[in-house]
Amino acid sequence: MLNKTDKGRAELQPGQRTLGQRERAILLVADGRKSTASLHALFHGDGKAIVESLIAGGYLLDDRPPPAPAPSPGLAVQGSVDDFSGPRSLASARMFLFDLSDRMFAPRDRQMAERLRDALREARDAPSMVAVGREMLAEIERVAGRERALAVSARLAKLLPESAPLGV
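The following refers to the structure shown. (Residues numbered from 1 in each chain as written. Predicted model: local features only at pLDDT ≥ 70, side-chain atom pairs only at ≥ 80, totals over all residues. Heavy atoms only, no water.)

We now examine the overall build of the protein chain. Of regular secondary structure, the protein chain possesses eight helices and two strands. Ordered by position from the N terminus, the helices and strands of the protein chain form the series β-α-α-α-α-β-α-α-α-α. As presented, the protein chain carries roughly 10,000 Å² of accessible surface, and 53% of it is formed by carbon and sulfur atoms. (Helix = DSSP H or I, 4+ residues; strand = E, 2+ residues; numbered from the N terminus. Areas by Shrake-Rupley, 256 points an atom, 1.4 Å probe, with all protein chains shown as cover.)

Have a look at this one:
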């Protein structure tokens, strides 16, 4: 999933036209919800080169968390060890929470999962994103235990910007 950076959002402001029409069109639809593949398919496949150019130019950011490394054979993994080294951002935290909602809540309580997803869609700033995260952590603690909630909290804390502490 791709999201606009501050530079990308600035490009879309009135009077700020440094990019061509196709680049601006891709910036408009890159909202963190559209798949990267769907953006690549735009303009009869020319979208891939445009997307790569926008990423290289600092207009777009790929907010997918990096895949977790596979455990080495013979090594036991204790708890939820995750050496996250990606960028801290609200977009990364949002994507993590969307995924968490789908994996943990949708199979058990579809209505709760939808309510949480709606709250995440509406969370436009750090305090509202943190509030949704806290609500999810409380529910995780209720259904999966304190240890699981603490592990998820630690992962989320690594994704949130340092200026938006989870405080759980």
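For glutamate 141, the location among the structural elements is in helix H7 (residues 126–144). For glutamate 141, a relative accessible area of 34% translates into the label partly exposed. Along the sequence, glutamate 141 and valine 152 sit eleven residues apart, while their C-alpha atoms lie 9.8 Å from each other. Non-local contacts of glutamate 141, meaning those with residues more than four positions away in its chain, are made with Arg146 and Ala149. (Buried < 20%, exposed > 50% of the residue type's maximum accessible area, 1.4 Å probe, protein only. Contact = heavy atoms within 4.5 Å.)

Another aspect to go through is H7. Compared with the 27 Å implied by 1.5 Å per residue over 19 residues, the 26 Å span of H7 between its first and last C-alpha is a close match. A positive phi of about 100° marks glycine 145, the residue just after H7. (Expected span 1.5 Å × (residues − 1).)

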